[in-house]
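Remarks on the overall topology
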Amino acid sequence: MEIRGTGIGQGVAVGPVVRMAAPLPEPVDRPSHLDPEREAERARASMSVVAAELADRGAKAGGAAQDVLEAQAMMAEDPSLIDEVTKLLATGKTAERAVYEAFAAYRDLLAGMGGYMGERAADLDDISQRVIAHLQKLPAPGVPNPGYPFVLVARDLAPADTAMLDLDQVLGLVTVDGGPTSHTAILAREKSIVAVVGATDAASLADGDIVVVDAANDLVIARPSDAQVADAEARIAERAAMEAAPVTPGALADGTPVPLLANLGSADAAAEAVRLGAEGVGLFRTEFLFLDANTAPSVREQQEHYTRLLTAFPGRKVVVRVLDAGADKPLSFLNDAPEDNPALGLRGIRALRHSEVILREQLTALAAADAATDAELWVMAPMVATVDETRYFTTLARELGIKVAGVMVETPSAALIADRILGACDFASIGTNDLTQYTMAADRLLGTVANLQDSWHPAVLRLIGEVGAAGAELGKPVGICGEAAADPLLAVVLVGLGATSLSMSPSALADVRASLARYTLGDAKAIAESALAADGAAEAKQAARRAAESAPTASGTTVS
Ligand code: PEP
Ligand code: MG
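1. Comments concerning the confidence of the model for the chain
On average, residues of the chain score 91 in pLDDT, and 97% of them reach the 70 mark or higher. In this model residues 556-560 is a low-confidence stretch, pLDDT under 50, and it forms 17 contacts with partners more than four residues away in sequence or in other chains.

And the structure:
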């Protein structure tokens, strides 16, 4: 039986299913005869124990897991939740029931918001269960430990559990709920766990069922045939050999270099990116440094962080994006006016132009960090739609000492006039996440239109081709820094369309490196042509797959 979901990464795993224990039952809503004040104390104490446990798990896990778990620890002790619990206790509820209701109300509020916030709703359920378990002196619900390697099947895994998965025991992970931007997915990607999320029909799997978890093909095969198991095992061995192979610079089979760069949101992640073979940084998202700030960061504070980043990449290219505030990443000091359609509003370069002092300070800090280090700093502006914005940014950047200034191509308008945009700057980097959102008119945070949020769509590919052609014509670099670059086969298509470098989350580098090495530039162009000629995203992917399989120089298995 084949169960469809969303694969995270390109891995494959085979093993027996062990399901996550069923959650604690809903506490019964019966009147309490206990003193509400003492019950409130008990509830507060349990909330604070759970917060401390989550923070402690975060400290042990480190990395992105730590950020996620610390955010959860804060939720567990959120003052408005404590107030709500206290209010419910005053109406005569038990501590367990009051915790359950207060967290459930907050969970429903987040779920109603949809998108990124909606995907945080599951976090609330997990915290609530932990607090109730503590109140009842029961063990916290969590990952089973059967004593042999297994495929974990869960409704949705809490970040606390994902972060602490024992990777020697957990061969793969399948969740019934959760989308590609859920915390489970984010952490699975970071820990390179073979995972398929949102696999609705996985609820029917039983303990002991053998499954193949095929993330590359968005698939779980229940009770596979011998041939399917053999195929999966061959792919597992092939991936292990690939991971053990020495890290080489990104290149096509004919030697055409395609530098493989890292997308980073903090200098802290630089060392791991270098270990995984990043040849530089293709996108440093500076707004991630300031998401919690109420005031613009100081020049000194910024300079210190950028210097740390550049120091990690001596002699290498580091592309830093100036603040991309707005829509899914609002910064209170840049986006203070409510908008009905923030994705179409004063965001990116538009917001910076509106608050030019902030842009000037950031460029000043970047130029100072560049002067103090040996990396090759390139700086780019987000959400550029016009030649005028391009000229505005490059003129200001050069005035403030930036040597290489470019723009992101994230709007259809920038792609359609890429020749003129590139005429006014040093390089372009295509943000396929936003370019797809704006081309398909589909909010990238909205699950209901997620099927349209597919960079394989020929409309998106055609726009990318426009930018690639303009770059070739003018001899200017065209990088890709959206998620599309992390898809091994799409990466080949992007190079065929004219991309000169690819930037991605570091965990995707090995797969993309191996995929590029299978095809020549001629193959890549032919594969891209076949995708461009398709009617839709799924057809484009299929056509590319077929063209890749028959590419004359392809060696080894074709990636999906
Ligand atoms: C993009 O839009 O593709 C991109 C890389 O920028 P972000 O995802 O940060 O908006
Ligand atoms: Mg973007």
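2. Thoughts on the packing of aromatic side chains
Counted by the stated rule, this structure contains one aromatic pair. Taken together, a centroid distance of 4.7 Å and an interplanar angle of 50 degrees make the contact between tryptophan 378 and phenylalanine 427 tilted. With tryptophan 378 in strand 12 (residues 376-384) and phenylalanine 427 in the loop between helix 16 (418-423) and strand 14 (428-430), the pair connects residues that are 49 residues apart, well separated along the chain. Judged by its relative accessible area of 2%, phenylalanine 427 is buried. Above the face of the tryptophan 378 ring, lysine 317 is positioned so that its terminal group lies 4.1 Å from the ring centre.

3. Observations concerning the sheet that holds strand 1 (residues 2-4)
Judged by pairing direction, the sheet is mixed, and its eight strands sit side by side in the order 1-8-7-3-4-5-6-2 without closing on themselves. Two strands in the sheet have a free side with no partner beyond their single neighbour: strand 1 and strand 2 (6-8). Geometrically, the sheet is characterised by an average inter-axis angle of 30 degrees between neighbouring strands, direction not taken into account. Relative to strand 4 (residues 150-154), strand 3 (residues 12-19) runs parallel, the two being bridged by three bridges. Its bridge partner being in strand 4, arginine 19 is matched across the sheet by valine 153. Sheet strands in contact with helix 9 (residues 226-244) are strand 3, strand 7 (210-214) and strand 8 (219-222), and its direction is about 115 degrees off that of strand 3.

4. Comments concerning the domain arrangement of the chain
Domain annotation for the chain reports domain 1 (2-21 + 142-226), domain 2 (36-135) and domain 3 (252-554). On the domain 3 side, the residues contacting the five residues of domain 1 number five residues. Taking both sides of the interface into account, the surface hidden between domain 1 and domain 3 amounts to around 410 Å²; carbon and sulfur atoms contribute 42%. Sorting the residues of domain 1 by area buried against domain 3 places Gln10, Arg189 and Asn217 first, and these three jointly supply 74% of that buried surface.

5. Some words on the coordination of the magnesium ion (ligand 2)
Coordination of the magnesium ion (ligand 2) by the protein comes from Glu410 (OE) and Asp434 (OD), over a distance range of 2.0 to 2.1 Å. With glutamate 410 in the loop between strand 13 (404-409) and helix 15 (412-416) and aspartate 434 in helix 17 (residues 432-440), this residue pair connects regions lying 24 residues apart in the sequence. Neither residue differs from the other here; glutamate 410 and aspartate 434 are each classed as buried.

6. Notes on the packing of helix 11 (residues 299-311) against helix 13 (residues 356-371)
Running from amino to carboxyl end, helix 11 crosses helix 13 at an angle of 40 degrees, the nearest separation of the two axes being 8 Å. The angle between helix 11 and helix 13 places the two elements in the oblique class. Handedness of the helix 11/helix 13 crossing: right-handed. For the pair formed by helix 11 and helix 13, the contact residues are Val299, Gln302, Gln303, Tyr306, Thr307 and Leu310 on the first element and Glu361, Gln362, Ala365, Leu366, Ala368, Ala369 and Asp370 on the second. Partitioning the contact of helix 11 with helix 13 into residue classes produces seven nonpolar, four polar and two charged.

7. Re the sheet that holds strand 11 (residues 317-321)
Taken in spatial order, the eight strands close into a barrel running 9-10-11-12-13-14-15-16, and their pairing is parallel. The average angle at which neighbouring strand axes cross in this sheet is 25 degrees, direction not considered. Running at roughly 155 degrees to strand 10 (residues 280-285), helix 11 makes contact with strand 9 (260-264), strand 10, strand 11 and strand 12 of the sheet. Lying over the sheet, helix 20 (residues 509-516) contacts strand 9 and strand 16 (501-504), oriented at roughly 155 degrees with respect to strand 9.

8. Observations regarding the side chain of aspartate 324
Assignment of secondary structure puts aspartate 324 in the loop between strand 11 and helix 12 (349-354). The exposure class assigned to aspartate 324 is buried, which follows from its relative accessible area of 0%. At 3.3 Å, the side chain of aspartate 324 forms a polar contact with the side chain of arginine 347. Sequence-distant contacts of aspartate 324, defined by excluding residues within four places in its chain, comprise Glu287, Lys329, Arg347, Gly348, Pro382 and Met383.

9. Points about helix 2 (residues 63-76)
In this model helix 2 runs 20 Å from its N-terminal to its C-terminal C-alpha over 14 residues, within 8% of the 20 Å that 1.5 Å per residue would give. Along helix 2, the positions that sit buried rather than exposed are Ala65, Val68, Leu69, Gln72, Ala73, Met75 and Ala76. An end-on view of helix 2 places all buried positions within 155 degrees of arc, on one side of the element. Counted as exposed and oriented over 90 degrees from the buried face of helix 2: Asp67 and Met74.

10. Notes on the pattern of salt bridges
Tallied over the full model, the rule gives 32 salt bridges. A salt bridge links aspartate 177 to arginine 155; its shortest N-O distance comes to 3.4 Å. Remark: arginine 155 occurs in the loop between strand 4 and helix 7 (159-163) and aspartate 177 occurs in the loop between strand 5 (170-175) and helix 8 (183-190); sequence separation between them is 22 residues. Notably, a salt bridge pairs aspartate 370 with lysine 403, separated by 3.0 Å at the nearest N-O pair. Pair noted here: aspartate 370 is in helix 13 and lysine 403 is in the loop between helix 14 (387-399) and strand 13, with a separation of 33 residues, a long-range link. Aspartate 370 sits in the buried class, given a relative accessible area of 8%. What emerges from the salt-bridge pattern is a single network uniting Glu287, Arg321, Asp324, Arg347, Asp434 and Arg444.

What counts as what
- Residues numbered from 1 in each chain as written.
- Chains lettered and ligands numbered in written order.
- Predicted model: local features only at pLDDT ≥ 70, side-chain atom pairs only at ≥ 80, totals over all residues.
- Heavy atoms only, no water.
- pLDDT = per-residue confidence, 0-100.
- Contact = heavy atoms within 4.5 Å.
- Phe/Tyr/Trp six-rings, centres within 6.5 Å; stacked < 30°, edge-to-face > 60°.
- Helix = DSSP H or I, 4+ residues; strand = E, 2+ residues; numbered from the N terminus.
- Buried < 20%, exposed > 50% of the residue type's maximum accessible area, 1.4 Å probe, protein only.
- Lys NZ or Arg CZ within 6 Å of the ring centre and 35° of its normal.
- Pairing = 2+ DSSP bridges.
- Axes fitted to C-alpha atoms, helices over the stretch in contact; angles between N-to-C directions.
- Domains from an automatic or database assignment.
- Buried area = accessible area lost by both parts, 1.4 Å probe.
- Donors = N, O, S within 2.8 Å, 3.2 Å for Na, K, Ca; no water.
- Parallel < 35°, antiparallel > 145°, perpendicular 65-115°, else oblique.
- Left-handed = near helix turned anticlockwise from the far one by under 90°.
- Nonpolar A, V, L, I, M, F, W, Y, C, P; charged D, E, K, R; others polar.
- Polar contact = N/O pair within 3.5 Å; in protein donor to acceptor, adjacent residues only side chain to side chain.
- Expected span 1.5 Å × (residues − 1).
- Arc of directions from axis to C-beta.
- Salt bridge = Lys/Arg side-chain N within 4 Å of Asp/Glu carboxyl O.

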